[in-house]
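# Fold and contact review
This is what each chain is made of:
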Amino acid sequence: MLDTCLFTTAVHMVIPHIGGIAAAIITRPEIHRWYKYLKKPKWHPPKWIFQTAWGLLYTEMGYASYLIWRDGGGFNGHARLPLMLYGTQLALNWIWTPIFFGSHSPGMAFVDITLLMGVISGCIHTFWSINRYASCLMVPYLAWVTFGSALNFRVWRDNLNNMK
């Protein structure tokens, strides 16, 4: 039983990283070909902060999803809506990078990240009644995505004439 629990926890914690790995593959060449030439605000953090933050946040959100799945009865219990919201936010998270870096479309990426903030907020709200700790684990993620949306907006606004 303990082995099954540990395996299930690990799977939940690894799943968000799959999109992060795919994002890194897409992002790496575009940082040197495109992104480094864009105007960025002075408060733009160094690259290593992004990598560190996303590693921690993907692990936290994965663990939060495990707690909701475990305590809410999975898709057959009270966790159905929270897990659907979780899956939606994960998809929105994963498609941001191909939109921003792959398509060089900060405007469309801003639409995506704005929707993402709303769905993360929905996760926090619906997680609360099932597992308050899981809900709290999503708060740093929302804070980081909110910061990212401000950065996304500034890069878009400040480079309207440099796109493509």
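We now turn to the structure provided with this report.

What counts and what doesn't
- Residues numbered from 1 in each chain as written.
- Predicted model: local features only at pLDDT ≥ 70, side-chain atom pairs only at ≥ 80, totals over all residues.
- Heavy atoms only, no water.
- Core = buried A, V, L, I, M, F, W, Y, C linked by side-chain atoms within 4.5 Å.
- Buried < 20%, exposed > 50% of the residue type's maximum accessible area, 1.4 Å probe, protein only.
- Helix = DSSP H or I, 4+ residues; strand = E, 2+ residues; numbered from the N terminus.
- Contact = heavy atoms within 4.5 Å.
- Axes fitted to C-alpha atoms, helices over the stretch in contact; angles between N-to-C directions.
- Parallel < 35°, antiparallel > 145°, perpendicular 65-115°, else oblique.
- Left-handed = near helix turned anticlockwise from the far one by under 90°.
- Nonpolar A, V, L, I, M, F, W, Y, C, P; charged D, E, K, R; others polar.
- Expected span 1.5 Å × (residues − 1).
- 1 Å grid on protein atoms, 1.4 Å probe; cavity = no way out; pocket = protein on both sides within 12 Å on 5 of 7 lines; lining within 4 Å.
- Points joined across faces, edges and corners; volume = space filled by probe spheres on them.

Right, let's get into the nonpolar core. Grouped together as the largest cluster of nonpolar side chains are 38 residues, with contacts concentrated most on Phe100, Phe127, Met138 and Tyr141. Per-element tally for this core: the top contributor is helix H4 (residues 106–128), with nine residues. Not counting chain neighbours up to four residues away, the residues in contact with tyrosine 141 comprise Trp54, Leu57, Met61, Gln89, Asn93, Leu116 and Ile120.

Now for the packing of helix H2 (residues 47–71) against helix H6 (residues 139–158). The description of two packed helices rests on the angle between their axes and on the distance between the axes. Contact geometry of H2 with H6 gives a least axis separation of 10 Å together with a crossing angle of 140 degrees. Regarding the angle of H2 to H6, the classification is oblique. When you trace H2 past H6, the crossing you get is left-handed. In contact with Ile49, Phe50, Ala53, Trp54, Leu57, Glu60 and Met61 of H2, H6 contributes Pro140, Tyr141, Trp144, Val145 and Leu151. Looking at side-chain class alone, the contact of H2 with H6 contains 11 nonpolar, no polar and one charged residues.

All right, on to H2 then. Between its terminal C-alpha atoms H2 stretches 36 Å, which fits the 36 Å expected from 25 residues at 1.5 Å a residue. When H2 is considered as a whole, its buried residues turn out to be Ala53, Leu57, Tyr58, Met61, Gly62, Ala64, Ser65, Tyr66, Leu67 and Ile68. Note on H2: the residue one or two positions beyond its end, glycine 73, has a positive phi of about 80 degrees.

For the rest of this paragraph, the subject is the layout of surface pockets. Estimated volume of the largest pocket: approximately 860 Å³. Every element with two or more residues in the lining of the largest pocket is listed here: helix H1 (2–33), H2, helix H3 (80–102), H4 and H6. For the lining of the largest pocket, the element with the most residues is H1, which contributes eight residues. Broken down by class, the residue content of the lining of the largest pocket amounts to 19 nonpolar, 11 polar and four charged.

What is shown is where atoms sit, not what they do.
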